[in-house]
Amino acid sequence: MSASIPLPGQHRPSSAGDESSADPDTVRTEVSSLLNQLTIESTDHEGSETVDADALARDASLLDRAHEVLVRALTTVDKT
């Protein structure tokens with residue numbers, strides 16, 4: 001008895017607009033643009049660690065968007 005192994009993104013609906021997202025240069029550009037917007041400072045002027053909740057939430061959102069770009073690209077590649 002052999003069970004098939006699902007591929008990443010199989011649960012996602014396919015659409016004609018996803019085909020451009022498999023272009024490596026496009027994916028690289030989109031992800032780089034999102035990552036360049038990250039704010040990676042966690043220390044104040046006295047050297048103690050501080051956490052800016054707003055900056056953390058913004059960075060989490062940017063990382064989530066970059067993840068979605070990568071998942072969308074992988075989904076397109078897996079379906080071809």
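Quick caveat, the model's predicted, so the values are computed rather than measured.

Peer 1: What am I meant to see in the side chain of threonine 76 here?
Peer 2: For threonine 76, the location among the structural elements is in helix α2 (residues 53-78). Within the structure, the side chain of threonine 76 is placed 3.0 Å from the backbone oxygen of arginine 72, a separation counted as a polar contact.

Peer 1: Is there a simple way to think about the pattern of salt bridges in this case?
Peer 2: Taken as a whole and judged by the stated rule, the model has two salt bridges. Its salt-bridge partner being arginine 72, residue glutamate 30 comes within 3.2 Å of it at the nearest N-O pair. Here glutamate 30, found in helix α1 (residues 24-36), pairs with arginine 72, found in helix α2; they are 42 residues apart in sequence, far enough to count as distant.

Peer 1: Would you mind showing me how to read the nonpolar core here?
Peer 2: Nonpolar side chains tend toward joint burial in soluble globular proteins. Listed in full, the seven residues of the largest apolar core are Val27, Val31, Leu34, Leu62, Ala66, Val69 and Ala73. Among the secondary structure elements, those contributing two or more residues to this core are α1 and α2. No other element matches the four residues that α2 contributes to this core. Residues within four places of valine 69 in sequence aside, it is in contact with Val27, Glu30, Val31 and Leu34.

Peer 1: Any chance you could explain the environment of valine 77 here in plain terms?
Peer 2: Within the fold, valine 77 resides in helix α2. Judged by its relative accessible area of 45%, valine 77 falls in the partly exposed class. Taking the C-alpha atoms as reference points, valine 77 and alanine 22, separated by 55 residues in sequence, lie 6.2 Å from one another.

Peer 1: What should I look at first to understand the environment of leucine 62 in this one?
Peer 2: Among the secondary structure elements, leucine 62 is positioned in helix α2. Given a relative accessible area of 4%, leucine 62 falls into the buried group. Between the alpha carbons of leucine 62 and leucine 35 there is a distance of 7.1 Å; along the sequence they are 27 residues apart. Sequence-distant contacts of leucine 62, that is, excluding residues within four places in its chain, are made with Leu34, Gln37 and Leu38.

Definitions and cut-offs
Residues numbered from 1 in each chain as written. Predicted model: local features only at pLDDT ≥ 70, side-chain atom pairs only at ≥ 80, totals over all residues. Heavy atoms only, no water. Helix = DSSP H or I, 4+ residues; strand = E, 2+ residues; numbered from the N terminus. Polar contact = N/O pair within 3.5 Å; in protein donor to acceptor, adjacent residues only side chain to side chain. Salt bridge = Lys/Arg side-chain N within 4 Å of Asp/Glu carboxyl O. Core = buried A, V, L, I, M, F, W, Y, C linked by side-chain atoms within 4.5 Å. Buried < 20%, exposed > 50% of the residue type's maximum accessible area, 1.4 Å probe, protein only. Contact = heavy atoms within 4.5 Å.

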